[in-house]
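Below are the chains, spelled out letter by letter.
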Amino acid sequence: AYYTQEEYDEEMSSIQGVYTGLGIAVSQKDNGDVYVADVFEGSPAKAAGILKGDVMTSINNTSVKSMKWNEVTVFIRKQGEKTINLLLNRDGKEVSVSVSRQKIKKVSVNHSMLDNQIGYISIREFDDETPKQFKDALADLEAKNQKSLI
């Protein structure tokens, strides 16, 4: 497969683990609505009150109703402005949110301590930050005296 320069840049951004954006993942429903599939912890989107499940209707006064989810992500990145104004549909109500684009460090590794001192590490995706995040998670669990690891 061949990539355009824009598609290549998008792909490289996704595997580096750090990008400039809002801190959300978007997807598309069967009816064509683009919605917020995830809001990353510590992100500007989380601070602005964007919720998982919010449906995006416009970005900076431009309707996104006819766009595919990947077109929406490119559109957000092309908004050279630091602040993005989103119009969302949340449970049938219009919600207007202003959120600043910032450098986002993706969290690809989560961890917790289960019962009986069993450490649990999950890897959501692999990118340039994953090895460091894994080592940090393992060190944290070891500091909490894990006895085994999943």
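Conventions adopted
- Residues numbered from 1 in each chain as written.
- Predicted model: local features only at pLDDT ≥ 70, side-chain atom pairs only at ≥ 80, totals over all residues.
- Heavy atoms only, no water.
- Helix = DSSP H or I, 4+ residues; strand = E, 2+ residues; numbered from the N terminus.
- Buried < 20%, exposed > 50% of the residue type's maximum accessible area, 1.4 Å probe, protein only.
- Areas by Shrake-Rupley, 256 points an atom, 1.4 Å probe, with all protein chains shown as cover.
- Lys, Arg positive; Asp, Glu negative; His and termini not counted.
- Charge placed at Lys NZ, Arg CZ, Asp CG, Glu CD.
- 1 Å grid on protein atoms, 1.4 Å probe; cavity = no way out; pocket = protein on both sides within 12 Å on 5 of 7 lines; lining within 4 Å.
- Points joined across faces, edges and corners; volume = space filled by probe spheres on them.
- Nonpolar A, V, L, I, M, F, W, Y, C, P; charged D, E, K, R; others polar.
- Phe/Tyr/Trp six-rings, centres within 6.5 Å; stacked < 30°, edge-to-face > 60°.
- Lys NZ or Arg CZ within 6 Å of the ring centre and 35° of its normal.
- Polar contact = N/O pair within 3.5 Å; in protein donor to acceptor, adjacent residues only side chain to side chain.
- Contact = heavy atoms within 4.5 Å.
- Pairing = 2+ DSSP bridges.
- Axes fitted to C-alpha atoms, helices over the stretch in contact; angles between N-to-C directions.

**Considering the overall build of the protein**
Helices and strands together make up the secondary structure of the protein, namely 4 helices and 11 strands. Referenced to the eigenvectors of the C-alpha coordinate spread, the extents of the protein come out at roughly 55 × 40 × 30 Å. Out of the 150 residues belonging to the protein, those deemed buried represent 34%. Only carbon and sulfur atoms are counted for the fraction: they give 49% of the accessible area of the protein, which is about 9,400 Å². Of the side-chain charges in the protein, 19 are positive and 22 negative, and the distance between the mean point of each set is 4 Å.

**Thoughts on the layout of surface pockets**
Put simply, the second largest pocket is a space of about 200 Å³. Taken together, the elements giving at least two residues each to the lining of the second largest pocket come down to strand 3 (34-39) and strand 8 (102-105). Among the residues making up the lining of the second largest pocket, the classes are represented as 4 nonpolar, 3 polar and 5 charged.

**Observations regarding the packing of aromatic side chains**
Per the stated rule, a full pass over the model turns up 0 aromatic pairs. Above the plane of the ring of Tyr35 lies Lys29, whose end atom (NZ or CZ) is 5.7 Å from the centre.

**Observations regarding the side chain of Asp38**
Relative to the helices and strands, Asp38 resides in strand 3. For Asp38, a relative accessible area of 18% corresponds to the buried category. A distance of 2.7 Å separates a polar atom in the side chain of Asp38 from a polar atom in the side chain of Arg124. Residue contacts for Asp38: discarding those within four places in its chain leaves Gly23, Ile24, Ala25, Lys52 and Arg124.

**Looking at empty space enclosed by the protein**
To find leftover empty space, one rolls a probe the size of a water molecule over the atoms. All chains considered together, the criterion is met by 1 cavity of 30 Å³ or more. Looking at the largest cavity, its volume works out to about 40 Å³. Along the walls of the largest cavity sit Phe40, Lys106, Val107, Ser108, Arg124 and Glu125, which together make up its complete lining.

**Structural notes on the sheet that holds strand 10 (residues 118-123)**
Remark on secondary structure: sheet strands pair via backbone hydrogen bonds, oriented parallel or antiparallel. Read from one edge of the open sheet, 3 strands run 9-10-11, paired in mixed fashion. Edge positions in the sheet fall to strand 9 (109-114) and strand 11 (148-149), since each of these pairs with one other strand and no more. Here 2 bridges tie strand 10 to strand 11, and the two strands are oriented parallel to one another. The residue bridging Ile118 from the neighbouring strand is Ser148, located in strand 11. Each of strand 9, strand 10 and strand 11 touches helix 4 (residues 130-143); the most contacted strand, strand 9, lies at about 15° to it.

**Some remarks on the environment of Glu71**
Residue placement: Glu71 occurs in helix 3 (residues 69-78). For the pair formed by Glu71 and Val34, sequence separation is 37 residues and the distance between their alpha carbons is 9.9 Å.

**As for the environment of Gln102**
Positionally, Gln102 belongs in strand 8. For Gln102, a relative accessible area of 37% corresponds to the partly exposed category. For the pair formed by Gln102 and Pro44, sequence separation is 58 residues and the distance between their alpha carbons is 7.0 Å. Sequence-distant contacts of Gln102, defined by excluding residues within four places in its chain, comprise Tyr19, Thr20, Gly21 and Pro44.

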